[in-house]
Amino acid sequence: MVNYGCSKGCVTCKQRRVKCDQAKPKCRTCHRLGLQCEGYQIKCTTLKFKEQNHKFCNEINRARVARDENQASSPRALAEPDTSVSFFFQYYAGMGRSLESARGFFEVLIPLYCSQTQESPLMLAVSAVASEILSLWRRDYCQTSRDIYIQAVKCLRSTLKNHNEWGKPGTISAVLALQLYENVAAVFGLRSGTSIHHNAALSLLPFASSNKAGGMTHILLQRFILHSEICSAMRQERALEDTAHSWVKSTDLIASTDNPSPRLDAIGATVAELQASYMQFVTQDGSITSSQNAPRDWIFEAKRLDDQLLAWSRNVPDYWQPLKLRSGQDVDSSIPTYRFLCEVYPTCQIGTIWNLWRVQRLLLLRIIFSLHAIAYPQKFEDRADKTSPSDEHLGDYVQTLQELVDSVCHSVPFYLGNRSNPLHLADFGDTKILLPSPRSLAVVQDERRFDKQGQKGQTSREYYRRHIIAQGPWHIMSPLSRLLTLFSEGHGQSMASFLRPGQHEWIRKQFMRVTYLLRIPLPVNSGKSKLYTLTKLPGQEPTDSEIEYLAKEVRNGAIFMSGP
């Protein structure tokens, strides 16, 4: 295929999909951000022949990706040969997932996909997501994924004309896959995510329950829909949608006794409702606009829910508990840590559930701190005196705040290791990438929790490493952006001054590191939008306010995602 024209930007800016100033010998944009400018490609001729053989020869494409990844075979033969789907299933839907920590979507996706007919909505939706994700690893823009997404939407609309399809697992999973595609596209496009697929999934909840043939698959999908709604309600500081609210109150669907994740969601639903009630009376600067609800009522309820969250943490399986490692002793010193400590987990999914637990407790602390700041402004502003005579427990709240934020910071090395370059397929075989692991210790408390998740042809250590390389940056992106937005908003600033010295800056630095690893573009002024201009003189870094603005844009894109 012939492609007229050629971008004259440097190789690095092309990979990051940002505008290059084309300065010679190195561009100023790379110099400003401290990136290695890889220079400029040889001048293009009038015609450029674009490689698109992969669209017509799946066998050649599959062999090339298998060589680049240096990986084992895919989980199982797929109904349609698609390298991107195989990659997505192995590294995102397969690794690190189990029914013991199931959110409910990825755990049933592979068998559902393999049971579908050709050109079904689910097959098309998964193919769109997979193509989008693999293009990020290949560092090339993939228009194909958008085209497949449009086909999937059209196919789903046609399917939904038949009311008998509404409650089927394949139909519901297709809707959830389309929402996942939207989440990824919104984050990397720095735009607000749309709720159209999320709302569609909520509307299908009653039909899912009426279809008894799905069994456990239906239960897991319903749990995931409710989990996503609870998480998005907490992000948007709103009450649950009526459909989700009725399901949470009228059934024990999410109050599972064998999986800690749904039990945490059951508490999270109440946290979201309390936050929504409180935010109705709070202005942007944190002041109370009405006295209809007494502050003590909010504080009492926040304490009650925090006690439930503490009880949850004491009842999780022993192997779920974070394992603390020390830099230079248990962990290679090249891995950035906070206060020389890191915490590791059995899987990324379990680590993210813990961070969701921490965020829920932080939301409750925000209510408590905000009310104390309103009731006792003079004492609260005196940072030398961390207690108030009217509430002897305020000092305990400060300690809890610091411990929760510390734990989020200590989880960063687990997800990122010593990675410093944008993600690439070669990362899976790069021995220079170091990750903290319990296997670096002489004694492992429970080897079985890792070995039992190993796949055929892979040792448990390879399995553990590869799933973190694939999923780690994405999983920690949300908790870090949550902390930055939480402490920058008017009703959360009362907590920021109680952080440890330099901790806020460390969080900003790690968030920018994540956006660089994922190659999330920095917002620029397009002349029409409200985005900040991050163009600086050589050697200058984005300001704190600009970094926090980027964090808000990322959260707007991920507003309907699961997790913190």
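Residues numbered from 1 in each chain as written. Predicted model: local features only at pLDDT ≥ 70, side-chain atom pairs only at ≥ 80, totals over all residues. Heavy atoms only, no water.

Comments concerning the overall build of the protein chain
As a reminder of what qualifies: Think of it this way: any DSSP run of H or I at least four residues long counts as a helix, any run of E at least two long counts as a strand, and we number them from the N terminus. The contact definition used throughout considers only heavy atoms, calling two residues in contact when any of these lie within 4.5 Å. Areas reported here follow the Shrake-Rupley algorithm with a probe of radius 1.4 Å; residue values treat only the protein chains shown as occluding.
A count of helical and extended segments in the protein chain gives 22 helices and four strands. Nonlocal contacts in the protein chain, meaning residues at least 24 apart in sequence, comprise 72% of its contacts between residues at least 6 apart. Total accessible area on the protein chain is roughly 25000 Å²; 51% of this is exposed by carbon and sulfur atoms.

Points about helix H4 (residues 83-94)
Counted only if it meets this: Between buried and exposed lies partly exposed: a residue is buried under 20% and exposed over 50% of the maximum accessible area for its type, with that area taken using a 1.4 Å probe on protein chains only.
Buried residues dominate H4, accounting for twelve of its twelve residues. All of the buried residues in H4 are Thr83, Ser84, Val85, Ser86, Phe87, Phe88, Phe89, Gln90, Tyr91, Tyr92, Ala93 and Gly94. Within two residues after H4, Gly96 carries a phi angle of roughly 75°, on the positive side.

A short note on the environment of Gly557
Among the structural elements, Gly557 can be located in helix H22 (residues 544-557). When the C-alpha atoms of Gly557 and Ser192 are compared, they prove to be 4.5 Å apart, with 365 residues separating the residues in sequence. When neighbours within four sequence positions are excluded, Gly557 is seen to be in contact with Asn183, Ala186, Val187, Arg191, Ser192 and Gly193.

Notes on the side chain of Arg103
Topologically, Arg103 is positioned in the loop between H4 and helix H5 (106-114). The contacts of Arg103, once residues within four sequence positions are left out, are Leu220, Arg223, Phe224, His227, Ser261, Gln349, Thr352, Ile353, Ser562 and Gly563.

What about the pairing of strand E3 (residues 323-326)?
Under the convention used in this document: DSSP bridges decide pairing: two strands pair if at least two such bridges lie between them.
Burial along E3 is one-sided: Leu323 and Leu325 are buried, and none of Lys324 and Arg326, which face the opposite way, are. As paired strands, E3 and strand E4 (residues 341-344) are joined by four bridges and run antiparallel to one another. Bridging from a neighbouring strand, Leu325 pairs with Cys342 of E4.

Considerations on the environment of Leu522
Position of Leu522 relative to the elements: it lies in the loop between helix H21 (503-517) and H22. Note: C-alpha distance between Leu522 and Gly189 (333 residues apart in sequence) is 10.0 Å.

A look at the packing of aromatic side chains
Quick reminder of the rule: Between 30 and 60 degrees the pair is tilted, below 30 it is stacked and above 60 it is edge-to-face, where a pair is any two Phe, Tyr or Trp rings, Trp via its six-membered ring, whose centres lie within 6.5 Å. For a Lys NZ or an Arg CZ to count as sitting over a ring, it must be within 6 Å of the ring centre and within 35 degrees of the ring normal.
Applying the stated criterion across every chain, the model contains 25 aromatic pairs. Ring plane angle 85° and centroid distance 5.0 Å describe the contact between Phe89 and Tyr113, whose orientation is recorded as edge-to-face. With Phe89 in helix H4 and Tyr113 in helix H5, this pair connects stretches of sequence that are 24 residues apart. Relative accessible area serves as the criterion here: at 1%, Phe89 is assigned to the buried category. On the basis of an interplanar angle of 15° and a centroid distance of 4.5 Å, the ring pair of Tyr149 and Tyr181 is categorised as stacked. Here Tyr149 is found in helix H7 (residues 143-160), whereas its partner Tyr181 is found in helix H8 (residues 169-188), with 32 residues between them in sequence. In this structure Tyr149 comes out as buried when scored by relative accessible area, which is 9%. Note on Tyr181: relative accessible area 3%, which makes it buried. Connected via pairs of aromatic rings, a cluster forms that spans Phe87, Phe88, Phe89, Tyr91, Tyr92, Phe105, Phe106, Tyr113, Trp137, Phe224 and Phe428. Residue placement shows Arg97 over the ring face of Phe106; its charged tip is 4.1 Å from the ring centre.

Remarks on the packing of helix H19 (residues 460-488) against H21
The angle between the axes and the distance between the axes are what describe a pair of packed helices. Here is the rule: Note on method: axes are straight lines fitted to C-alpha atoms, helices fitted across the in-contact stretch only, with angles between N-to-C directions ranging 0 to 180 degrees. The cut-offs work like this: below 35 degrees is roughly parallel, past 145 is roughly antiparallel, 65 to 115 is roughly perpendicular, and the gaps in between are oblique. Should the near helix be turned anticlockwise from the far one by less than a right angle, the crossing is termed left-handed; should it be turned clockwise, right-handed. Each residue is assigned to one class: nonpolar for Ala, Val, Leu, Ile, Met, Phe, Trp, Tyr, Cys and Pro, charged for Asp, Glu, Lys and Arg, and polar for all the others, Gly among them.
Direction vectors running N to C along H19 and H21 enclose 140°, while the axes themselves pass 9 Å from each other. Here H19 is positioned oblique relative to H21, judged by the angle of their axes. The crossing of H19 and H21 is left-handed. Residues Pro473, Ile476, Met477, Leu480, Ser481, Leu483, Leu484 and Phe487 of H19 form the contact with H21, whose own contacting residues are His504, Ile507, Arg508, Gln510, Phe511 and Val514. Of the residues assigned to the contact of H19 with H21, the class counts are ten nonpolar, three polar and one charged.

A closer look at the environment of Ala244
By the secondary structure assignment, Ala244 is in helix H12 (residues 242-250). For the pair formed by Ala244 and Glu229, sequence separation is 15 residues and the distance between their alpha carbons is 7.2 Å.

Digging into the nonpolar core
Selection criterion: Each nonpolar core is a collection of buried residues, namely Ala, Val, Leu, Ile, Met, Phe, Trp, Tyr and Cys, held together in the definition by side-chain atoms within 4.5 Å.
Counting residues in hydrophobic clusters, the biggest one holds 154 residues, and the most contacted among them are Phe88 and Trp137. For Trp137, the contacting residues outside a window of four places in its chain are Phe87, Tyr92, Arg419, Leu423, His424, Leu425, Asp427, Phe428, Ile469, Ala470 and Arg519. Ranked by size, the runner-up nonpolar core spans six residues in total, among them Cys10, Cys13, Cys20 and Cys27.

Quick notes on the confidence of the model for the protein chain
What counts, and what does not: Note on scores: pLDDT gives the predictor's confidence for each residue, bounded by 0 and 100.
This prediction gives the protein chain a mean pLDDT of 79; 73% of its residues lie at or above 70. Within the protein chain, the element-level pLDDT minimum falls on strand E2 (residues 47-49), averaging 35, and the maximum on E4, averaging 95. Low pLDDT (under 50) marks residues 42-81, which in the prediction has 54 contacts with non-local residues, meaning those over four places away or in another chain. A low-confidence stretch, residues 526-539 stays under pLDDT 50, and its non-local contacts, those more than four residues away or across chains, total 32 contacts.

Comments concerning the packing of helix H17 (residues 394-416) against H19
Contact geometry for H17 and H19: axes closest at 7 Å, N-to-C directions at 150°. With respect to their mutual orientation, H17 and H19 come out roughly antiparallel. Crossing of H17 against H19: the hand is left-handed. Residue-level contacts link Leu401, Val405, Val408, Ser411, Val412, Phe414, Tyr415 and Leu416 of H17 to Tyr464, Ile468, Gly472, Pro473, His475, Ile476, Pro479, Leu480, Leu483 and Phe487 of H19. The class makeup of the residues in the contact of H17 with H19 is 15 nonpolar, three polar and no charged.

Topic: the side chain of Arg361
Residue position: Arg361 is located in helix H15 (residues 348-375). A relative accessible area of 8% places Arg361 in the buried class. Among all residues touching Arg361, those that are not within four sequence positions of it are Asp306, Leu309, Leu310, Thr400 and Leu404.

Quick look at H5
The buried fraction of H5 amounts to eight of the nine residues, a majority that puts the element mostly inside the structure. Among all positions of H5, only Phe106, Glu107, Val108, Leu109, Ile110, Leu112, Tyr113 and Cys114 are buried.

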